[in-house]
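Residues per chain are reported as follows:
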Amino acid sequence: NKEGKSSKLPSLFIPKPFRFFILAALGFYFLGFAFGVNPWISIIGALGYAYASYSSIIVAVGHDTKMLSMAYVPALLGAIVMVYKQKYWIGALLTAIFSSVLISHNHYQIVYYFLILAIVLGVALLADAIRKKEISTFFKPTLIAIAAGCIGLFTNAVMLFTTFDYSKATIRGGQSSINTKDTTRQEAN
């Protein structure tokens with residue numbers, strides 16, 4: 001099953017297993033850059049993140065979308081940090097792009113974990129703003145980051161709505177062809 005030319009362009013023609021690790025390392029390096037960490041320490045952290053044992057395991061068993069989603073989480077966090085460092089335009093643009101790409105991989109478990117990280121980051125930044133008595137400077141970047149994240153979300157609206165619509169017909173979505181009341185009555189007789 002060969003990939004087409006259009007699907008190879010975003011991967012920069014890097015072979016499949018290696019692109020996951022390179023994207024994860026680049027995403028984590030970007031997070032370190034956004035926080036202002038020494039580049040050498042960012043490189044070590046990026047390599048540690050990309051080549052963690054769990055990453056190798058999920059790639060080996062074929063969880064490609066999970067690994068790709070995990071690769072974009074630190075990049076998205078870094079973009080949000082850039083917004084809070086008053087680099088509004090580039091931070092908002094990257095937040096919209098990275099959130100769109102993260103959601104497009106359709107791995108909602110990782111998106112859920114990202115949201116937990118984003119909330120923890122937001123609470124820490126709010127506590128820092130309160131401590132510095134700069135609470136008014138907290139809300140502008142928060143609204144920009146949320147708006148940019150919503151743009152990323154809305155770019156995937158067609159996929160999200162069709163997945164939501166289809167989920168109603170699945171066992172996890174609530175409806176199933178098995179009626180538990182009928183099964184219980186049959187067992188009692």
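Preceding this section is the structure that the text describes.
Source: prediction; values computed, not measured. (Residues numbered from 1 in each chain as written. Predicted model: local features only at pLDDT ≥ 70, side-chain atom pairs only at ≥ 80, totals over all residues. Heavy atoms only, no water.)

Undergrad: With reference to specific residues and values, describe the overall build of the protein chain.
TA: Broken down by element type, the protein chain carries ten helices and zero strands. In the protein chain, the succession of α and β elements from N to C terminus is α-α-α-α-α-α-α-α-α-α. Residues counted as buried form 33% of the 189 residues belonging to the protein chain. Long-range contacts, defined here as pairs at least 24 residues apart, represent 67% of the contacts in the protein chain between residues at least 6 apart. Of the roughly 12600 Å² that the protein chain leaves accessible, carbon and sulfur atoms contribute 69%. (Helix = DSSP H or I, 4+ residues; strand = E, 2+ residues; numbered from the N terminus. Buried < 20%, exposed > 50% of the residue type's maximum accessible area, 1.4 Å probe, protein only. Contact = heavy atoms within 4.5 Å. Areas by Shrake-Rupley, 256 points an atom, 1.4 Å probe, with all protein chains shown as cover.)

Undergrad: Give me the lowdown on a nonpolar patch on the surface, citing residues and values where you can.
TA: A cluster of nonpolar residues, Tyr29, Phe33, Trp40, Ile43, Leu47 and Tyr51, forms a patch on the protein surface that exposes about 660 Å² of accessible area. Contributions of two or more residues to the nonpolar patch are made by helix H2 (16-35) and helix H3 (39-50). When residues of the nonpolar patch are assigned to their parent elements, the largest contribution, three residues, is made by H3. Note that Phe33 resides in helix H2. (Patch = residues over 30% accessible without salt bridge, like charges linked within 9 Å, V, L, I, M, F, W, Y side chains within 5 Å. Salt bridge = Lys/Arg side-chain N within 4 Å of Asp/Glu carboxyl O.)

Undergrad: Explain the environment of Phe98 residue by residue, including any values.
TA: As for its position among the elements, Phe98 is in helix H6 (residues 88-104). What makes Phe98 buried here is its relative accessible area of 16%. Residues Phe98 and Tyr72, 26 residues apart in the sequence, show an inter-C-alpha distance of 6.5 Å. Not counting chain neighbours up to four residues away, the residues in contact with Phe98 comprise Phe30, Tyr72, Ala75, Leu76 and Ala79.

Undergrad: Describe in detail the nonpolar core, supporting the description with residues and values.
TA: By size, the foremost hydrophobic cluster in this structure holds 37 residues, and its most contacted members are Phe30, Met67, Ile80, Phe98, Leu102 and Phe114. When residues of this core are assigned to their parent elements, the largest contribution, 15 residues, is made by helix H5 (residues 64-84). In this structure, Met67 is in contact with Phe20, Phe21, Ala24, Ala50, Ser55, Ile58 and Val59, ignoring residues within four places of it in sequence. (Core = buried A, V, L, I, M, F, W, Y, C linked by side-chain atoms within 4.5 Å.)

Undergrad: Which residues make up the side chain of Ser55, and what values go with them?
TA: Mapped onto the elements of the fold, Ser55 is located in helix H4 (residues 53-60). Here the side chain of Ser55 touches Ala50 through a polar contact of 3.5 Å, landing on its backbone oxygen. Setting aside anything within four residues of it in sequence, one finds Ser55 in contact with Phe21, Tyr49, Ala50, Met67 and Met70. (Polar contact = N/O pair within 3.5 Å; in protein donor to acceptor, adjacent residues only side chain to side chain.)

These results come straight from atomic positions and should not be treated as a statement about function.
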